Protein chains: 2
Amino acid sequence: MKAILPLSALLVATPVLAENAAPSPPEIVAAAPKADWRAIAPADLLVMDLSPRRRGAERRVVIQLMPAPFSQGWVGNIRTLAAARWWDGLSINRVQDNYVVQWGDADGEDPDKARPLPSGLATVPEAAYRLDGDEPQWPRFANLTWPRGTVTHHDTFEKGWPVSAEGSANAVHRWPVHCYGMVGVGRNLSPDTGTGAELYTVIGHAPRHLDGNIALVGRVIEGMEFLTALPRGTGALGFYEKERERVKIVSVRLGNAVKGLPAYEYLATESESFMRYADARANRRDPFFIRPAGGADICNIPVPVRRAK
Amino acid sequence: MKAILPLSALLVATPVLAENAAPSPPEIVAAAPKADWRAIAPADLLVMDLSPRRRGAERRVVIQLMPAPFSQGWVGNIRTLAAARWWDGLSINRVQDNYVVQWGDADGEDPDKARPLPSGLATVPEAAYRLDGDEPQWPRFANLTWPRGTVTHHDTFEKGWPVSAEGSANAVHRWPVHCYGMVGVGRNLSPDTGTGAELYTVIGHAPRHLDGNIALVGRVIEGMEFLTALPRGTGALGFYEKERERVKIVSVRLGNAVKGLPAYEYLATESESFMRYADARANRRDPFFIRPAGGADICNIPVPVRRAK
């Protein structure tokens, strides 16, 4: 009895097991044909380099920006801020356990010290948190409906992103979902919606009470561990209290301005491979499991993203 | 536009706001009468002291053990292991981002090096992952039903713990839920169910595919940040690859064997205060929010636990 918890067959499935058992979610992803993968344009990446750790190890966080039709007002602002090198020299200011890591201007609330924003930023209305209109042709995931009291929200994936919707007849509202690793826009009290200068990422259980209340603009696709493993802040809401606690941001650039950046791709959520992957996440049949769940929360079906081969 | 994201009114609600706005979840908890709180017996706590960090700061993790009727075979083993001081000198061996932190014997898989287990440990059958029987008198939380395909699972709270159930008529199966911070028992492939010597805690989105497949024995109630902020392991499944990466466990003791331990209490999930708190978590009406969700995932309603006043 010297069990070391496998907890998943992610990397330990042997050929013998794979031959006799149902494929695990990672095995399905690994077997997906090239045609089921979609390239992510470098211009749709945001690359944040943090100050190196002791011993000089680099800390690069790669974020995929949200594609149209969602959140494009804020995404446009983020492109402007990156082009202006606005974040360079600023810092990670907040790490609240089971909630968010937030970065931007630590002096942003102090009019005498705040870094001026570049010109040309849009003020985006609250209406842009959600999209209105006819229901798109979504793939159907039978086990993903998430009820909210009297309103049934329909969770699904649209163009590679977790999305939820509510509505009746053909008229729906839909919006991206606050899953682990999603990146959102800090704001003050309504009607402020934020510019995109203050950003955060989710590091705990999906805080879905924020859905439709705050803009989501992307997701971390590499380097998440450089944010999640930071010491938790001891101030209110997890803000750091001392300057020396704040990790410095060396630079934030759009991917097409970064030399030598790898190519990235994601598994198309409309593909047959993704359907099989989502089903396997909802019904684990690989050897470790004795009782498939019969369903899954959308945030337990992370969209596979990888460096292109 | 120098927004520093409040994201919640947790600690910034002013008296003026509180007077004019609906109370936030933390305000409801703070106003709960003493009668709504339940003391946690020191014997039901597991206290794990990790090796101090640089500059000597202590790292204490306090775990509340699962009460009857759940998982008592494994909890009994954990009491035996703590009494035998079995974990002392062992280590944190695995940190997998958005999944688990795991501790125990890093040499557990090597028969020549594994630390022998104490005598008297029970072998617990898989049937004990779930309880069978009539549905208990649960409080009803209207917005918590979580469907899983053809089976509707009913999520609720029982004696202060997140629990899910499925069934028909009055016969149900029920089991504790893998929310953030819950502590479970590592195991090898079925029919092994683990002894309780290898433990893990959830540090990401609730991995509910593990529910009913692995034993849950408690939850971290203090010091979670000493586990969640550890560097992620670079080996398969997030295991550390080098001895020097592993944080040492100085000691693990039951709470009644620890001098000077604070008293802890949790908010009774049957209380009116908890009902109001759960409703407020599902329908945020405090000033930051513009659109209440109308429902919440059970893992977004963490049971309040605090040091007793």
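Note that the structure is predicted; figures quoted are calculated from it, not measured.

Right, let's talk about the confidence of the model for chain A for a bit. Caution applies to low-pLDDT parts of the model: their predicted coordinates are not meant to be read in detail. All names here are of chain A. The predicted model of chain A has a mean per-residue pLDDT of 88, with 86% of residues at 70 or higher. Segment residues 6-19 is flagged for pLDDT under 50; beyond a separation of four residues in sequence, or across chains, it makes 27 contacts in the model. Segment residues 145-150 is flagged for pLDDT under 50; beyond a separation of four residues in sequence, or across chains, it makes 27 contacts in the model.

Residues and elements named next belong to chain A. Spatial ordering of the open sheet is given by β4-β5-β12-β11-β13-β3-β2-β14, a layout of eight strands whose pairing is antiparallel. The open sheet terminates on both sides in strands that have one partner only, identified here as β4 (91-96) and β14 (249-254). The sheet shows a mean angle of 25 degrees between the axes of neighbouring strands, direction not considered. Of the strand pairs in this sheet, strand β11 (residues 182-185) and strand β13 (residues 216-222) are connected by three bridges, and their pairing is antiparallel. From the neighbouring strand, methionine 182 faces β13, where its bridge partner is arginine 219. Packed onto the sheet, helix α3 (residues 72-83) meets β2 (45-50), β3 (59-65), β11, β12 (199-202), β13 and β14 and runs at close to 120 degrees relative to β14.

On to the pattern of salt bridges. Any two side chains of opposite charge can pair, so long as their charged atoms come close to each other. All names here are of chain A. Scanning the entire structure with this criterion turns up 28 salt bridges over all chains. A salt bridge links aspartate 279 to arginine 285; its shortest N-O distance comes to 3.2 Å. Under the relative-accessibility criterion, aspartate 279 is labelled partly exposed at 34%. Connected through salt bridges with shared partners, the residues Lys34, Glu265 and Arg306 form a single ionic network.

The biggest cluster of nonpolar side chains holds 80 residues, and the ones touching the most others in it are Trp87, Ile92 and Trp103 of chain B. Excluding its chain neighbours within four sequence positions, the residues that come into contact with isoleucine 92 of chain B are Met48, Leu50, Val101, Gln102, Trp103, Leu227, Leu230, Tyr240, Arg246, Val247 and Ile249 of chain B. Counting residues in hydrophobic clusters, the runner-up holds 79 residues, among them Leu45, Met182, Val185 and Phe226 of chain A.

Calculation rules
- Residues numbered from 1 in each chain as written.
- Chains lettered and ligands numbered in written order.
- Predicted model: local features only at pLDDT ≥ 70, side-chain atom pairs only at ≥ 80, totals over all residues.
- Heavy atoms only, no water.
- pLDDT = per-residue confidence, 0-100.
- Contact = heavy atoms within 4.5 Å.
- Pairing = 2+ DSSP bridges.
- Helix = DSSP H or I, 4+ residues; strand = E, 2+ residues; numbered from the N terminus.
- Axes fitted to C-alpha atoms, helices over the stretch in contact; angles between N-to-C directions.
- Salt bridge = Lys/Arg side-chain N within 4 Å of Asp/Glu carboxyl O.
- Buried < 20%, exposed > 50% of the residue type's maximum accessible area, 1.4 Å probe, protein only.
- Core = buried A, V, L, I, M, F, W, Y, C linked by side-chain atoms within 4.5 Å.

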